[in-house]
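Chain by chain, the residues run as shown.
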Amino acid sequence: MGKKLFILFGLMFLSFNQNIIAQEQTVTGTVTDGESGLPLPGVTVIEKGTSNGVATDFDGNYSITAPADAVLVFSMLGYGTQEIALEGRTTLDLVLSVDAQALDEVVVTSLGITREKKSLGYAVTELESEEVNTVKNYNVASSLVGKVAGLVVNQSSGVGSGSRITIRGNNTLTGNNQALIVVDGIPIDASGTESGGSIYNSTVTGGGITDINPADIESVSVLKGPNAAALYGSRAASGVILITTKKGTKGRGLGISINSNISIEEPMFLPEFQNEYGQGVNGAPYADLANFGGSSWGSRLDGSEQLYYTGEQRPYTAQPNNVEDFFENGIQSINTLSMDKGGEDYSLRFSYTNNATTSIIPNSELQSHNFNLRGVVDLSDKMSLDSKATYFTQELNNRVNLGTEGVLAYVYRMPRNVRIDDLKKYKPSLWADPQMFEDEYGSISYAGQNKSIGNPYWMLNEDTNDERRDRFLGFTKLNYEFTDWLSAFARVGGDVTNIRSDYIQDYGHHFFYDGRLSLSTRKNTEINADFLFTADKDLTDKLNLVANVGGSLSKRTFETMNVSGSQFRLPSRSFLNNTNVQSSSHTPLGVKKINSLYGSFSFSYDDLMYLDLTARNDWSSTLSEDNRSYFYPSVSYSLLVDRFIDPDKDIFNLLKLRASWAEVGNDTGVYQLYQTFSVPQDGYLGLTVLEGPSVKLNPNLKPESVTSTEIGLEFNMFMNRLYGELSLYDITTTDMIYNVPVPFATGYSTFKENIGEVQNQGIEVMIGGVPVRTENFRWDISANFSKNENKLIELIEGLDYTVLNSLGGLSIRAEVGGGIGDIYGSTWKTNENGERLVNAEGFPLAAGEREKLGNAQPDWIGGLTNNLTYKNWNLRFLIDGRFGGEIYSATSSYLDAAGVSERSLQYRGEGIVVDAINEETGEPNTASITAQEYWGSYSGITSNYIYDQTNVRLREFALTYRFPGDFTDSIGLNAASIGLIGRNLFFLYKDAEDIDPDSSIGTGLSGQGISLNNAPTIRSLGVNVNIKF
Amino acid sequence: MKGILKIFSATLLLIFSLSSCSDFEEINTKPDAFTSDEVSAKYFLTGIQIELYAPNRYPYWRAQLIHADRFAGMFTFGFNGCWWNDGLAYSYSGGYTDAAYDWMASYVSKLSVYQNFVKEGGDLENENFYAIGLIMKGLYYQMYTDTFGMVPYTEASNPDIITPKFDTQEEIYKGVIADLDRAMEIIGSQTETGTGVELLTGNDLFFNGDLQKWKKMANTLKLRMALRAQGATGAGFADAVINEALSSPLLTDEGDNALLPKDIEISQWANAAYGDVWHNFGGRGSKWKVGKTVVDYLRDNNDPRLPHYAEPIIGGEVTFTKPSEGSGVALFDKYVSFILGELDNAGVSYTREDSADQVKINVSDEQPYYVGQPTRLNGDIYPHVKYELFSAPAEWVVNPKNSGEPIFPEVVMTAAEGNFLQAEAIVKGLGSGDAQTYYQNGIAEAMKIWNVGQDEIDNFLANEDMALLNGTMEENLEKIAIQRWLASYTDGFEAWAIVRDTGYPKELANGVSDYDIYSAGTLNGEYPQRMRYGNQEYNTNGANLEAALQIQGPDEQGTELWWAPNN
C-alpha cells in the first residue's frame, strides 16, 4: 500500500514539470452585465484546459497572460458561461447575461445522485465548501451550527470531543438519533459519536464526522429525515449528512493551494465567583490541617495570617483570577496543502492537512495528519475509474473528562484564596517541611494531602488520558456508460478505524492511591460494496424518466481488547507489568451484515412536475430469519406553480410546492436475540462463577419503523434577489427496539422489546436574499428558523416513562405524553398548605417527589448569516440562537455548595432563619442556620438550577481581503486572500448562569439536559490565509 | 456493449450470491458466552452466595457500609478528615439509596436464573439443588423485606408479569417459612445433592455441600423470622412455627457456622471486602470508626472480643483549636467537653492544657485505650472529632486484598444465632429448656468466630453479669438482644434489624435530640426504621409501589415496619 502511494505521488510530482509554456501574450478587457450594463466584478476568467485564471476587478476589468491560440472561459454564478477563442486578440470585452437556467441549484442527493433542486419533493440543504471552511474548526459539526434549519448540534467540551447532530428531533429511544454520515456515497463508521453521559467521569469521544478533514470538503448536503434519505436505508432514519469531497478538474492543468488557519483560543466566559470569603468552614478558616476541606465557607478575606493548605501561615487574601489563570491560551493551527492536476482524460488531487491544537486546558492537545489522494481517470470513452484513499491519524493527549470527578470539578471549586501557582508544586519535596507528608507521591491539592480532592495540575501532568486514532477511508468506483441513456457503476468502499486508548491514574492519585491503568484497542471496520444502474430516458416529448436500480452489501465488524491493572508495585513508573492485580478482556469480532436492493424512479413532466418513487429491501443479520427482510418505500412529488401564475418569470423564477411520504426500517445490534450465560471476570476463590443475563433478549424482534410525511414550498423571486423555503413535517417512529427497564422482581433489569411510538412534528423556514447589489457592494442575507415538537406517544403497557440519566434529585426521562429528554427533579418540600418546609434544625428540605421542570430539546433554533462584499473586502458573520428548552446546571449547584459562586455571598456572617415551617413541630421555623448550611441544602434542590437554554450569540465572524488580480499576478500567484476569523465571540443574550446551555455532558441521549463541570466554551480569534498558485 | 453489460451483471450476481443470507445465523451467535446445555447449576449457586454477602464494591460500600453497618451503630463516619460527616444517610440520599436498592432488588434475577435451571422441568432439574435455592431465597427475602418493608414476592420472578404487586411483610414471612418447610422436607435425611456432576462440594461456600447443615440453617432462619414476627398484627401463626422450629435441629455447634470465606486475591472492585474501601483514598477520607455503643458494651462488660473488634486509639498530643470567628466559636467549649467526656467515659488518662484559643491534651501511652465514636455526630462538631481519639475497626476486618493478609469472613448465619434464638424463645415462654445455657453457648460460639481463646470465654461466662440471665424477663431479653446485636458485628443488616425489632440497645433505638452535636437529618432525629425504595422501582412499577405505601405508610426512613414493636 505505502509503496503504491509513493509511486503515485512520484508520478504527480513528475507531471508538474510537464507544463509546456507556449508563446504568451497579455489579454485585457472588461466584462459587463447584460441587463444593467454595469461592470461585473468577480467573473472568473480561465484559460481553458489549464489552471491559469484570474477574476475581474471591481470595474469589471481583467488582465490575463495566455497563448494566442487559447480559449478563455468566462463564468460567474448565476450567469451563463461563455467560451471564447482568442484567435490572437489582445483585448476582449464581453457582455454576460443572467442565465435563468443557472439559477437552478443543483444538489447532491441520496446515493450521490446529483439532482436539480427544483425537482425534489423533499427538503435538502446544501452548504458549499467556504461555508464550512472559512471559520474553520477541525470538527466539521461545529461549522454546521446555525446554518441548516432543523439541525441541532450539541457540543460537549474539550479538544477531541465529538458533537451530537440531530435533524428534526430525536426519533427513537435507542440512542440512534444522530444523522448518518456519508462521504462520497459511502456510509462511514460512526462509533464513538454517542458517548459520555456518566455523572462521575464522562469521557466524550469523537468519531464519524470529527475524522473528516474540512479542507477536503467540496459540499455538505443535509438530507433531512427519511424522505430525503429513504435510499440509505436503516441507518438513515435520522437523516443524512452527505459529504462530497473535492477532486481535481479535468483539463485544468496544475493547481496548488495553501491554506493556513491559525486561531488563539480562550474561555468564552467563566462562572461568576465571589472574592470576599476564603477557604474554611462555618465562617472561620480551617483550624488545622486534618480538618481542611475544599470549601470556601471561611471568614472574610482580610489579609490576616492564616493556616494555608501547605501547612504554612499565609496572608488570607482573595485570588480573583485563580480559575481564569488556570486556563491557558490555546492555539488551533490547521494547515492544508493541496495540489491538483487535470489532463485531457484524468484528474488527480492530493491534499495534506495538519492540525495542531493545544487546548485551553494545560497539557491537553490534539495533533492530526490527514492525507488524501483522489484520482479520476477515463479508461476509455465509456469507462472511467474514480478512486480515493484517505489516511487520518490523530493523537490526543489528556482528554478532559467531565462530571463530578473530572478535572474541572477541582478547578471551578478552587477556594477563593488559593494561589494557582501553589498548586503547580504538588511534589511535597518542594515544600518547606516534607515531614508532614506521608510520602512523595501524593497529589496534594488545596485541601492538603490525602483528602481525595484532586489537584488539577497533578491530574493533567501525571495521569494519562490519551487516544490515538488511525483511520483509513477509501473507495474505488468503476463507471460505465453503456449508451447515452444508460450507465452503471460498481463501487467498493472501506473504512477501517483503529483506536488505542490509554487511561492511567498514576500512583498517588487522589481516589486510587496505588494507581491503576486501562489500555484498550478497538477496531471497527466497514466494507460497503454497491452497484447502481442509471437510465435516463425521454419517454415522450415531455415525459422523462430517470431510473436507478442498485444493490449493496454492507459488512461491519467490531472488536475490542482491554488490559487493566491496579496497584503499581514500584511507584515511579506506570506500566502494565508493574501492576499487582491485572485483568484482561476481549470482545471477539462481532460481525453485522446488511444486504440491500433498491431502486428509484423519477418521472418529470415538461419541467413542470416531478414524481419520485423509491423502494428498498434490506436483509439484516441481526434479526431472526422471519424478520430479517424488510421493505420500505417512499414517494415524493413536486409541482412548479410558477409556470401557471407567472409564466414569463417577471417576479417568480421559481415557485414550487412539494409533498412526500416515506418509510424506513431500522435493525438492531449483534446478539440481541438469544439468551446466553457469561463468565464474569474474577470467579471466586478459584471457583468458576456464572451469571445469567440481566436483559431478557427477544428472538422475535422486528425492525423499527420510521414514517415521515412532509410538505413544503420553495420560491425564488426577482432573479435570486429573494428566495425562501418552508417545510412542515411529521415523523413517527414505531416498534422501537428498546431495552425496557422493568422492575427487578421480574428477574431482569430490562426486556428487549419493540415498543412505543415517538412523534416529531416541526416547521422549518429559510428565507434569504440580496437586499443590496451595486457595482461595488453586495449584501447577501439568509435566515433560518425551525421548531420541532417531540412527543412520546406510547411506551409499553404499564410503563409511563423511562429514565435516561439521573443525578441526585434529577432525572432525565422520556415520558408518555411528554417528550424525550424531559427533565424531572426535586423541588422545595412543602406542606399541604403549600408552605415551604425545613427540618428540625432549620435546613431547607427537598421534596421526595420529582416534578417536571423542563425538556432538554430546544423549542426553536435559528441562524442568521450575513455576507457583505465591498470591492475586495468580504465580511461574513453568523448569529445563531436557540429558544426554549431547559438544562440542569449541576455545575452551578456544586459552585454554590462549595461557597465559591457569587450567589453564595448571601446570608454570610449573620446566617438566615429560613421563612418556612418546621416539619417536626409544624410551627414557623425559628432556627437560624449559617450560609454554608443554607446553600448546602439549597444546592440539593434540583429546581433551583434549571436554566432556560435560550441564548443568542455571534457564532462566526470572518473578514476577508482578497488581493487584486494584478497584484497576485505580479508576485506569481493565481489568487490570495487573508482573513480575520472568529468563533463564539460573544452572547447577545443568555439566560443560564455559569454554563453554556449548548454544551452538555455527553453526545448520547443520556448526556442531554445536564451540564456538569464542562470545559468552558471556547472563543477563538485567528487568521486565515489562502494562496493559490 | 451487450457483452460488457453481461459481464457487469454476472460479476454483481456473483458477488451477491457469494454473500447471501446463509451465514446470518452464524455471525449473529455470540461467541463468548455459553448456552444452558453447556453449564452446571453449581456455578450459579456460588454466584448467588457471593452476590448476597459480598457484592461488588459499589453496593458493598453504599448499602452495607453507609447504611446497614452505620444504622446498626457498628461503624461511624464523621471524624476530622473523614470524607463524610456522620449525618450521611440519616438524611435521605437518592444516589446511595438507589445503589443499595438496585443491588438488593436485582438479586432476585440471579436467584431465579438458578431456580429455573434446577426446578422441576428445568434444564438441570435437581430437587436438592432446588431446596438449597429455596433456602437462599429465604435468606434473601428476610434481608430484603427487613430493609425496605413490602416488596414484590408472590408475583416476582415471573417474566410474564411485568409489574408485579408488592406483598405485605406478613405474606412474605409466611411464604418464606413455607418455602423453608418445603426445603427441609425435600432434604429429609439426605446429606449429599447427588452423584457425578450433580454432587455439590466446593462450589457451596457455606457448607461444602452438606445438606443436613442446610437443613439446620433453614430451621434457624425459620425460628429467627417467627420470633421477629411474633407479636405483630396478623402474626398469630408465629407461636406454632416457633414450636416446630424448636423441635428440629438448629445451628448450634461450632461446625454449623455458615461463614463466607473472603477471596483475598481478586480485584478491589469485585466481591468486595471492607478493606477495598478502607484503603481506597490513601488517607483518612474513606475510613471509619467503631461506634461508641459497641465499644462501651464490650469494654464495660470486660468482653474479650474488644481487641478482636477494634484497635486501640492512636492517642498522643491532640489540639482542639477554637475557630477565630463564625458559628463554631460559641459552641467550642461544649464540643470539647463532649469529646473529652467520651475519653473520661472510656477511662482514658490524659493531661489537659488550655490557652486562649486552644485546648491541648496529651493521652497517656501507658496502656491501650478503646474509645468508640458516638453515632450521628453533625458537621459542626466534625473538626473536633479527632481521628486519634477513637478506635478503628480491627485489622482483620479492614485488611486489603492482595496483601497476603487474612480478612474476616462474611457472616451468613451462625451457631451463636441458633443458641440465642432458643434462649429468646424460652425467656418469652414459647419454648422449654434452660435459657441461660443456650445464652452462654451463644456467647461462646460468637466469641469463637473471632478467635477468642477458650479460657477468656470461660472467664467471661463465669464472672460477668452480662453472661447471666438473672434479671426480669425484659432485662433478660435485653441482654439476649445486646448479645445477638454484638454477635452481628460486620453483619449490619441483621444487627440493624435487631435494634428495630427489640428496641435494644436503647442508646441507638432512641434516636438523637441535641442538634448542637447530632444531626437531625430528614429523620428529624428519629432512629431509621427502613430504607426508602429505589428510583428504579418508582420508574418501572410506580402504581404497585403507591398501592404498597397505602398499606405500609409513607416512603420515609422513619416509617416503622410490620414487626416493629410500636407498630
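Since this is a predicted model, take the numbers as computed values, not measurements.

## Here's the deal with the overall build of chain B
Here comes step 1: When you go through chain B residue by residue, the secondary structure sums to 21 helices and 9 strands.
Here comes step 2: Taken against the 2.2 N^0.38 rule, which gives 24 Å for 567 residues, the C-alpha radius of gyration of chain B at 27 Å falls within 12% of a compact globule.
Here comes step 3: If you line up chain B on its principal axes, its C-alpha atoms span 110 × 70 × 50 Å.
Here comes step 4: Buried residues in chain B amount to 61% of all 567 residues.
Here comes step 5: A total accessible area of about 19,800 Å² is found for chain B, and carbon and sulfur atoms account for 48% of it.
Here comes step 6: A gap of 4 Å separates the mean positions of the 41 positive and 79 negative side-chain charges of chain B.

## Description of the nonpolar core
Here comes step 1: Grouped together as the largest cluster of nonpolar side chains are 239 residues, with contacts concentrated most on Phe 206 and Met 217 of chain B.
Here comes step 2: The next biggest cluster of nonpolar side chains, apart from the first, holds 41 residues, and it includes Ile 199, Met 736, Ile 912 and Tyr 945 of chain A.

## Comments concerning the sheet that holds strand β46 (residues 946-948) of chain A
Residue and element names in this part refer to chain A.
Here comes step 1: Strand order in the open sheet formed by 3 strands is β46-β44-β49, with mixed pairing between adjacent strands. Strand pairing shows two members of the sheet lacking a second neighbour, β46 and β49 (1010-1011), which therefore form its edges.
Here comes step 2: When strand β44 (residues 886-889) meets β49, the two strands line up parallel, connected through 2 bridges. Within β49, the position partnered with Ser 889 by the bridge is Ser 1011.
Here comes step 3: Of the strands in this sheet, β44, β46 and β49 are in contact with helix α9 (residues 890-898), which crosses β44 at around 30°.

## As for the domain arrangement of chain B
Here comes step 1: Here chain B is described as being made up of domain 1 (36-69 + 90-261 + 527-552), domain 2 (289-392) and domain 3 (414-490).
Here comes step 2: Placing the centre of domain 1 of chain B and that of domain 2 of chain B at their C-alpha centroids yields a distance of 40 Å.

## Re a negative patch on the surface
Here comes step 1: Residues Asp 57, Asp 59, Glu 775, Asp 966 and Asp 969 of chain A make up a contiguous surface patch of negative charge.
Here comes step 2: Tracing the backbone through its elements, the reader meets Asp 59 of chain A in the loop between β3 (53-55) and β4 (61-67).

## So, the interface of chain A and chain B
Here comes step 1: In this complex, chain A contributes 94 residues to the contact, which on the side of chain B involves 103 residues.
Here comes step 2: Approximately 8,000 Å² of surface area, both sides summed, lies buried where chain A meets chain B, with 62% of it carried by carbon and sulfur atoms.
Here comes step 3: Summed over the shared surface of chain A and chain B, the result is 4 salt bridges.
Here comes step 4: With a shortest N-O distance of 3.0 Å, Lys 386 of chain B and Asp 288 of chain A are connected by a salt bridge.
Here comes step 5: Across the contact surface, chain A and chain B share 25 residue pairs in polar contact (both at pLDDT 80 or more).
Here comes step 6: Breaking the side of chain A that touches chain B down by element, the ones donating at least two residues are β25 (486-505), β26 (516-538), β27 (543-568), β28 (579-605), β29 (609-620), β37 (801-807) and β41 (846-855) of chain A.
Here comes step 7: The element best represented in the side of chain A that touches chain B is β28 of chain A, accounting for 9 residues.
Here comes step 8: Residues of the side of chain A that touches chain B, tallied by class, amount to 46 nonpolar, 31 polar and 17 charged.

## Points about the domain arrangement of chain A
As a measure of interface size, the accessible area lost when the parts come together is often cited.
All names here are of chain A.
Here comes step 1: Annotation of chain A at the domain level lists domain 1 (23-101), domain 2 (106-266 + 330-398 + 463-819 + 857-885 + 949-1028) and domain 3 (831-847 + 889-944).
Here comes step 2: Just the C-alpha atoms count here: the centres of domain 2 and domain 3 sit 45 Å apart.
Here comes step 3: On the domain 3 side, the residues contacting the 10 residues of domain 2 number 8 residues.
Here comes step 4: Regarding the contact of domain 2 and domain 3, the summed buried area is about 710 Å², with carbon and sulfur atoms giving 50% of it.
Here comes step 5: There are 2 salt bridges connecting domain 2 and domain 3.
Here comes step 6: Across the domain 2-domain 3 interface, the total number found is 6 residue pairs in polar contact (both at pLDDT 80 or more).
Here comes step 7: Considered class by class, the residues forming the side of domain 2 that touches domain 3 number 4 nonpolar, 4 polar and 2 charged.

## What about the packing of helix α6 (residues 127-148) of chain B against helix α19 (residues 492-502) of chain B?
All names here are of chain B.
Here comes step 1: At a minimum axis distance of 10 Å, the contact between α6 and α19 shows a crossing angle of 50°. By the angle between their directions, the pair α6 and α19 is classed as oblique. The crossing of α6 and α19 is left-handed. Residues Gln 142, Met 143, Asp 146 and Thr 147 of α6 lie in contact with α19, whose contacting residues are Phe 493, Glu 494, Trp 496, Ala 497 and Arg 500.
Here comes step 2: Partitioning the contact of α6 with α19 into residue classes produces 4 nonpolar, 2 polar and 3 charged.

## So, the sheet that holds strand β8 (residues 358-363) of chain B
Residues and elements named next belong to chain B.
Here comes step 1: Within the open sheet, the 3 strands sit side by side as β6-β8-β7. Their pairing is antiparallel. Of all the strands in the sheet, just β6 (317-321) and β7 (350-355) have a single pairing partner and so form its edges. Between one strand axis and the next, the sheet turns through 15° on average, direction left out of account.

## Looking at unusual backbone geometry
Excluding glycine, residues mostly carry a negative phi; peptide bonds, for their part, are mostly trans.
Residues and elements named next belong to chain B.
Here comes step 1: With an omega dihedral of -5°, the bond running from Tyr 504 to Pro 505 counts as a cis peptide bond.
Here comes step 2: Along the polypeptide, Pro 505 turns up in the loop between α19 and α20 (506-509).
Here comes step 3: Positive phi values are uncommon outside glycine, yet Asn 271 reaches one of about 30°.
Here comes step 4: Summarising the element assignment, Asn 271 is placed in the loop between β4 (258-260) and α10 (274-278).
Here comes step 5: Given a relative accessible area of 12%, Asn 271 falls into the buried group.

## Focus: the pattern of salt bridges
Between side chains of opposite charge, a pair can form when the charged atoms approach closely.
Here comes step 1: Applying the stated criterion across every chain, the model contains 88 salt bridges over all chains.
Here comes step 2: A salt bridge links Arg 953 of chain A to Asp 998 of chain A; the shortest N-O distance between them is 2.9 Å. Taken together, the residues Arg 953 of chain A in strand β47 (residues 951-962) and Asp 998 of chain A in the loop between β48 (975-990) and β49 connect sequence positions 45 residues apart.
Here comes step 3: Taking the relative accessible area as the measure of exposure, Asp 998 of chain A reaches 4% and is therefore buried.
Here comes step 4: With its nearest N and O atoms 3.4 Å apart, the salt bridge here joins Arg 484 of chain B to Glu 494 of chain B.

## Quick look at a nonpolar patch on the surface
All names here are of chain A.
Here comes step 1: Judged by side-chain polarity, Val 549, Phe 601, Leu 611, Leu 613, Val 635, Tyr 637 and Trp 661 come together as a nonpolar surface patch covering roughly 510 Å² of accessible area.
Here comes step 2: Broken down by secondary-structure element, the contributors of at least two residues to the nonpolar patch are β29 and β30 (629-640).
Here comes step 3: Examined against the element boundaries, Phe 601 turns out to sit in strand β28.
Here comes step 4: For Phe 601, a relative accessible area of 33% translates into the label partly exposed.

## Comments concerning the packing of aromatic side chains
Here comes step 1: Tallying each qualifying case throughout the model produces 66 aromatic pairs over all chains.
Here comes step 2: Between the aromatic rings of Tyr 907 of chain A and Tyr 934 of chain A, the centroid separation amounts to 4.8 Å while the plane-to-plane angle is 75°, which identifies the pairing as edge-to-face. Placement of Tyr 907 of chain A in the loop between α9 and β45 (917-918) and of Tyr 934 of chain A in helix α10 (residues 931-938) is noted, with a sequence separation of 27 residues between them.
Here comes step 3: A relative accessible area of 25% places Tyr 907 of chain A in the partly exposed class.
Here comes step 4: Centre to centre, the rings of Tyr 107 of chain B and Tyr 140 of chain B are 4.7 Å apart; their planes meet at 45°, and the pair counts as tilted. With Tyr 107 of chain B in helix α5 (residues 94-118) and Tyr 140 of chain B in helix α6, the pair connects residues that are 33 residues apart, well separated along the chain.
Here comes step 5: What links up through ring pairs into an aromatic cluster is the set Tyr 60, Phe 75, Tyr 274, Trp 278, Trp 288, Tyr 309, Trp 396, Phe 408, Trp 450 and Tyr 489 of chain B.
Here comes step 6: Positioned above the aromatic ring of Phe 987 of chain A, the side-chain terminus of Lys 990 of chain A is 5.5 Å from the ring centre.
Here comes step 7: In this arrangement the basic side chain of Lys 289 of chain B is found over the ring face of Phe 79 of chain B, its NZ or CZ atom lying 5.4 Å from the centre.

Quick notes on the rules
- Every chain is numbered on its own, with residues counted from 1 as its sequence reads.
- For this description, chains carry letters from A and ligands carry numbers from 1, given in the order in which they are written.
- In view of the model being predicted, local features appear only for residues whose pLDDT reaches at least 70, and side-chain atom pairs are presented and counted only at 80 or more, with totals across whole chains, interfaces and linings using the full set of residues.
- For the side-chain quantities, the full set of heavy atoms in the structure was used; hydrogens and water were omitted.
- Strands are runs of DSSP state E lasting at least 2 residues, helices are runs of H or I lasting at least 4, and numbering of each runs from the N terminus.
- Based on C-alpha atoms, the radius of gyration is set beside the globule rule, defined as 2.2 Å times the residue count to the power 0.38.
- With a 1.4 Å probe rolled over the protein chains alone, any residue whose accessible area is under 20% of its type maximum counts as buried; one over 50% counts as exposed, and the rest are partly exposed.
- Per-residue and other accessible areas were derived by the Shrake-Rupley procedure at a 1.4 Å probe size, with only the shown protein chains allowed to occlude residues.
- Charged residues are defined narrowly, with Lys and Arg counted positive, Asp and Glu counted negative, and His plus the chain ends left uncounted.
- Charge placement uses NZ in Lys and CZ in Arg. For Asp and Glu, CG and CD serve respectively.
- Residues belong to a common nonpolar core when they are buried Ala, Val, Leu, Ile, Met, Phe, Trp, Tyr or Cys residues joined through side-chain atoms within 4.5 Å.
- In short, DSSP must find at least two bridges between two strands for them to pair.
- For this analysis, residues touch if any pair of their heavy atoms sits within 4.5 Å.
- Here the axes come from fitting lines to C-alpha atoms, over the contacting stretch only for helices, and the angles between their N-to-C directions go from 0 to 180 degrees.
- Per the annotation, domain bounds derive from an automatic or database assignment of domains.
- Within the patch definition used here, like charges are joined within 9 Å and nonpolar side chains (Val, Leu, Ile, Met, Phe, Trp, Tyr) within 5 Å, considering only residues with over 30% relative accessible area and no salt bridge.
- For this analysis, a salt bridge means a side-chain nitrogen from Lys or Arg found within 4 Å of a carboxyl oxygen belonging to Asp or Glu.
- Buried area: the accessible area, evaluated with a 1.4 Å probe, that two parts lose upon being put together, summed over both parts.
- Any pair of nitrogen or oxygen atoms within 3.5 Å is treated as a polar contact; in protein, a donor-acceptor pairing is required on top of that, and neighbouring residues in sequence qualify only through side-chain atoms on both sides.
- Under this grouping Gly is polar, as are all residues other than the nonpolar Ala, Val, Leu, Ile, Met, Phe, Trp, Tyr, Cys and Pro and the charged Asp, Glu, Lys and Arg.
- Roughly parallel means an angle under 35 degrees; roughly antiparallel means over 145; roughly perpendicular covers 65 to 115; every other angle is labelled oblique.
- Each crossing gets its hand from how the near helix is turned against the far one by less than a right angle, where anticlockwise is left-handed and clockwise is right-handed.
- Pairing of aromatic rings covers Phe, Tyr and Trp, the last counted by its six-membered ring, and requires centre-to-centre distances within 6.5 Å; plane angles under 30 degrees mean stacked, over 60 mean edge-to-face, and any other angle means tilted.
- Only when the NZ of Lys or the CZ of Arg is both within 6 Å of the ring centre and within 35 degrees of the ring normal is a charge said to sit over the ring.

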